[in-house]
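# An overview of the molecular structure
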Amino acid sequence: MGGFVVEAAWGAEARHVWGSFTTTFDHTATDDRARNIRLAAKRLDGRVVPPGRVFSFNEAAGNGYGTASTLVDGKRFDAEGGGLCQVSTTLYNAVLLAGLGIVERSPHSGPVAYAEPGLDAAVSPEEGTDFKFRNQTKHPVLIDARVDGNRLFVTIHGREPLQRKVALSQLREGGRITSVRTISDATGEIRREVLSIDRIPARPETRPETR
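Residues numbered from 1 in each chain as written. Predicted model: local features only at pLDDT ≥ 70, side-chain atom pairs only at ≥ 80, totals over all residues. Heavy atoms only, no water.

Once that is clear, we can look at the pairing of strand β11 (residues 176-185). Along β11, seven of the 10 residues are buried, which leaves the element largely enclosed by surrounding structure. In terms of strand pairing, strand β10 (residues 164-173) meets β11 through 10 bridges, oriented antiparallel. Across the sheet, L171 pairs through a bridge with T178, a residue of β11. With antiparallel pairing between neighbouring strands as the criterion, β10 and β11 make up a hairpin whose turn holds two residues, including G174 at a positive phi of roughly 65°. Between β11 and strand β12 (residues 190-199), which follow one another and run antiparallel, lie four residues, and G188 among them has a positive phi close to 95°. (Buried < 20%, exposed > 50% of the residue type's maximum accessible area, 1.4 Å probe, protein only. Helix = DSSP H or I, 4+ residues; strand = E, 2+ residues; numbered from the N terminus. Pairing = 2+ DSSP bridges.)

Ordered by their spatial adjacency, four strands build an open sheet running β1-β9-β8-β2, and the pairing between neighbours is antiparallel. Where the open sheet ends on each side, the last strands, each with one partner, are β1 (16-24) and β2 (48-49). Docked against the sheet, helix α4 (residues 84-98) engages β1, β8 (141-148) and β9 (151-158), running at close to 150° with respect to β1. (Contact = heavy atoms within 4.5 Å. Axes fitted to C-alpha atoms, helices over the stretch in contact; angles between N-to-C directions.)

Confidence along the protein chain averages 88 in pLDDT terms, with 86% of residues attaining 70 or more. A low-confidence stretch, residues 205-209 (pLDDT under 50), is modelled with 17 contacts involving residues beyond four sequence positions or located in other chains. (pLDDT = per-residue confidence, 0-100.)

At a minimum axis separation of 8 Å, helix α2 (residues 33-44) and α4 run at an interaxial angle of 40°. When the axes of α2 and α4 are compared, the pair comes out oblique. Seen from above, α2 lies across α4 with right-handed handedness. Contacts from R33, N36, I37, A40, A41 and L44 in α2 reach L84, Q86, V87 and L91 in α4. Looking at the contact of α2 with α4, its residues break down into seven nonpolar, two polar and one charged. (Parallel < 35°, antiparallel > 145°, perpendicular 65-115°, else oblique. Left-handed = near helix turned anticlockwise from the far one by under 90°. Nonpolar A, V, L, I, M, F, W, Y, C, P; charged D, E, K, R; others polar.)

If you want it as structure tokens, here you go:
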């Protein structure tokens, strides 16, 4: 899963957008959250995932992050890597819209400020949670990740145009939310897949989880 390197020459040819997603964050925060987001985005940017390979967020993001406020099981504390879950979540949504395969994804224990329930992707090397996706297509894909002010952008690029349409939908029933992805190809064939069935977290009195 490791070993994905920047391919500058190839990346110049990857002009077609397969999937893109944007989230916002407080870039003026006094803790290391904003720095962590910028660093993780920098480490993701320019990486190429060859056909058939599985990409691990934790392996790509690496170590060396500062501490920032994190909420776990209703309790808030400072932890190393606060902010990485926002980067993994932004990548997750871009990957979903690109129609790539999801190998591993975990929900947060509470609501997050930057994504709807069911569309987040929690990561924690300490707890053994990672976000992984597979490039099941016949073409390499390029990850473009960057920060502009208070916005984090992640885009999946391909050398060829995306030959399918992707739509995401959610169904809330009781205390659970079902996330579904619908993919239609050029022939009109439609495939629907249930991405996840998550518990809808209760809104805490304190501010939402932001890791």
